[in-house]
Amino acid sequence: MNASAIREILKITQRPDVISFAGGLPAPELFPIEEVRAATNAVLDRAGAAALQYSTTEGHPPLREWIGAQAGIPASNVQIVTGSQQGLDLLGKVLLDEGDTVLVEAPTYLGALQSFQPYLPRYVQLPTDDGGIDVDALEEVLKRERAKLLYAVPNFQNPTGRTLSAERRQRLVELTAQYGVLVIEDDPYGQLRFSGEAAPSLYELGLQLHGDPDRNHVVYSSSFSKTLAPGLRDAWVQAAAPIIAKLIQAKQGSDLHTPTLNQMIMAELVHDVLPRQIERVRRAYGERAQHMLRAMQAHFPAGVEHTTPQGGMFLWLTLPGGVNTEALLPRAVERQVAYVPGRPFYALGGGENTMRLSYSNATPAQIDTGIRALGGLLQEALTA
Ligand SMILES: Cc1ncc(COP(=O)(O)O)c(C=O)c1O
């Protein structure tokens, strides 16, 4: 295992004088503190000691049932996990053997690579563009490789902010079914759409194709981290019964169960607080994204390409070739602004001239100041 590049960078950027677009942190001022306090009291009043007792590995039944009902599947196809990060680790543990071929987007979520890496897979990168994974290229790869798994973040991807188009979703689900490749659909941001039309999830398309949640070759992973609060570590996996059975076994060896109290609090919050919270977060992130895009328009030199996210927390910059964003980072931090260089998001390298910016955890004033500073630096780097 290698030290996480993002963690190392976050250490520098936690300095209060640095405006950080680096971390993927939700906006803390939107956390529903009073509502969580009230829900905690209600749970402790009602459940008493049971809220502090050990509980089942599968998860708190009312929470599993609520998630299952939202997805139109039985609660038995839902496994509660301690953050979707744990879900990815457990899925790696139960699905991957050394040398198995895993298809990933180029670039992809760094945390998934970290989760899968201990199980020593072999990665194949799938090319992407503004519509997400290039499905023609996927078909070529599927013909050539005996792949075990495809991992994708179809909505407002971390790190690019891109979304897989509806047509490509259909084709991806059909192709992977045809070639017998499992799909992990990682979707922590899907609820945070602030523009455009939602497309069906890969999981839903898989369900339509097979007509049975126990035959779905798509495994779905999501989380309350980005809609409600990451500190509660409440998240879930939807999968066919044989995979759920293995996940239960793996989770028993990992942490027995997700904290009982946190699950009970979430089961209390999902009915009224969560929908209100999703609206608030959507609106705020939509405004911040617009603000960052406008600031980039005003302050960035020509030649810097950016994605235009329809939701989520991130956008992605591509600089003219030759500009190395890792080498540039110390100079950015000197100017009190930080980003994440793109290269670590590529399983097999590449992206030296790319970077990820997050707009979720910065005020409009910070976005203006930070983007102006970054624009000045990019101007210098491009004319040097
Ligand atoms: C694509 C993706 N998957 C999973 C996670 C992990 O989220 P959680 O807080 O649920 O562990 C993140 C967090 O940034 C993410 O961006």
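All values derive from a computational prediction rather than experimental measurement. (Residues numbered from 1 in each chain as written. Predicted model: local features only at pLDDT ≥ 70, side-chain atom pairs only at ≥ 80, totals over all residues. Heavy atoms only, no water.)

1. Some details on the sheet that holds strand β9 (residues 234–238)
Test applied: Strand pairing requires that DSSP identify at least two bridges connecting the strands. Secondary structure elements are taken from DSSP: a helix is a run of H or I of four residues or more, a strand is a run of E of two residues or more, and numbering for both begins at the N terminus. Any two residues having at least one pair of non-hydrogen atoms within 4.5 Å are treated as being in contact. The convention used is that axes are lines fitted to C-alpha atoms, helices contributing only their stretch in contact, and that angles between N-to-C directions extend from 0 to 180 degrees.
Spatially, eight strands are ordered β2-β9-β8-β7-β6-β3-β4-β5 in an open sheet, and the strand pairing comes out mixed. Both outer strands of the open sheet, β2 (78–82) and β5 (132–133), are each paired with one neighbouring strand and no more. In this sheet, β5 lies alongside strand β4 (residues 122–129) in antiparallel orientation, the contact comprising two bridges. The partner of Thr-128 across the bridge, within β5, is Ile-133. On the sheet, helix α3 (residues 61–71) packs against β2 and β9 and is oriented at approximately 120° with respect to β2. Running over the sheet, helix α4 (residues 83–95) touches β2, β6 (147–152), β7 (182–186), β8 (218–223) and β9 and is turned about 115° from β2.

2. Some thoughts on the site of the ligand
To keep it simple, the criterion reads: Distances are taken per atom, and a residue is near a molecule or strand as soon as one of its heavy atoms is within 4 Å of it. The term polar contact refers here to a pair of N or O atoms within 3.5 Å; inside protein, the definition further demands a hydrogen-donor-capable atom paired with an acceptor-capable atom, and it admits residues adjacent in sequence only when both atoms are side-chain atoms. For the area figures, the Shrake-Rupley method with a 1.4 Å probe applies, and any residue is considered shielded solely by the protein chains shown. Note that Gly is not counted as nonpolar here; it falls among the polar residues with everything else outside the nonpolar set of Ala, Val, Leu, Ile, Met, Phe, Trp, Tyr, Cys and Pro and the charged set of Asp, Glu, Lys and Arg.
Taken together, 13 residues surround the ligand, and among them Ser-84, Asp-186, Tyr-189, Ser-223 and Ser-225 come closest. At 2.7 Å, a side-chain N or O of Ser-84 approaches an oxygen atom of the ligand. Measuring from a nitrogen atom of the ligand, one finds a side-chain N or O atom of Asp-186 at 2.6 Å. Bound to the protein, the ligand loses 92% of the 390 Å² it would expose on its own. Considering every element that reaches the shell around the ligand, the biggest residue donor is α4, with three residues. Considered class by class, the residues forming the shell around the ligand number four nonpolar, six polar and three charged.

3. Points about the UniProt feature "domain: Aminotransferase class I/classII large" (unreviewed entry) in the protein chain
Here is the rule: UniProt positions are given in the numbering used here, feature names are shortened, and annotations may be inferred rather than shown by experiment.
The UniProt feature table records "domain: Aminotransferase class I/classII large" (unreviewed entry) at residues 32–374. The straight-line gap between the two end C-alpha atoms of residues 32–374 is 32 Å; of that span, 44% is helix and 17% is strand.

4. With respect to the sheet that holds strand β11 (residues 314–318)
Here four strands make up an open sheet; going across it, the order is β10-β11-β14-β13 and the pairing antiparallel. At either end of the open sheet lies a strand with only one pairing partner, and these are β10 (305–306) and β13 (340–341). Strand direction decides the pairing type here: β13 and strand β14 (residues 354–358), joined by two bridges, are antiparallel. Its bridge partner being in β14, Pro-341 is matched across the sheet by Met-355. Across the face of the sheet, helix α11 (residues 273–299) comes into contact with β10, β11 and β14 while running at roughly 20° to β11.

5. Quick notes on helix α2 (residues 33–47)
Let me state the cut-off plainly: Helices are assigned an expected span. That span is 1.5 Å times one less than the residue count. For every residue, the accessible area obtained with a 1.4 Å probe (protein chains only) is divided by the maximum for its type, and the residue is called buried under 20%, exposed over 50%, and partly exposed between those limits. Within this analysis, the arc is defined by the directions that extend from the helix axis to the C-beta atoms.
For α2, with 15 residues, the first-to-last C-alpha span of 21 Å sits near the 21 Å given by 1.5 Å per residue. For α2, the complete set of buried residues consists of Val-36, Ala-39, Thr-40 and Val-43. One side of α2 carries all its buried residues, which in axial view fall inside an arc of 105°. Exposed side chains of α2 directed beyond 90 degrees from the buried face belong to Asp-45 and Arg-46. Those residues of α2 that are buried lie in contact with α10 (260–269). Of the residues flanking the end of α2, it is Gly-48, one or two places downstream, whose phi is positive at about 60°.

6. Some remarks on the domain arrangement of the protein chain
Short version of the rule: These domain limits were set by an automatic method or by a database of domain assignments. Buried area is calculated as the accessible area (1.4 Å probe) missing from two parts once they are joined, with the contributions of both summed.
Taken domain by domain, the protein chain holds domain 1 (5–30 + 275–383) and domain 2 (53–271). Its C-alpha centre places domain 1 at a distance of 26 Å from the equivalent point of domain 2. Domain 1 puts 28 residues into the contact, and the matching count from domain 2 is 31 residues. Interface area for domain 1 against domain 2, summed over the two sides, is near 2,500 Å², with a carbon-plus-sulfur share of 65%.

7. Concerning the pattern of salt bridges
Our working definition: When a carboxyl oxygen of Asp or Glu is within 4 Å of a side-chain nitrogen of Lys or Arg, the pair counts as a salt bridge.
In the structure shown here, the tally under the stated rule is 18 salt bridges. Of the charged contacts in the structure, one is a salt bridge between Glu-145 and Arg-122, with a shortest N-O distance of 2.9 Å. Of the two residues, Glu-145 sits in the loop between α6 (135–144) and β6 while Arg-122 sits in strand β4, which places them 23 residues apart along the sequence. Its salt-bridge partner being Glu-139, residue Arg-171 comes within 2.7 Å of it at the nearest N-O pair. You can see Arg-171 sitting in helix α7 (residues 166–178) and its partner Glu-139 sitting in helix α6, a full 32 residues away along the chain. The class of Glu-139 is partly exposed, set by a relative accessible area of 21%. Overlapping salt bridges, with partners in common, bring together Asp-97, Asp-100 and Lys-148 in one network.

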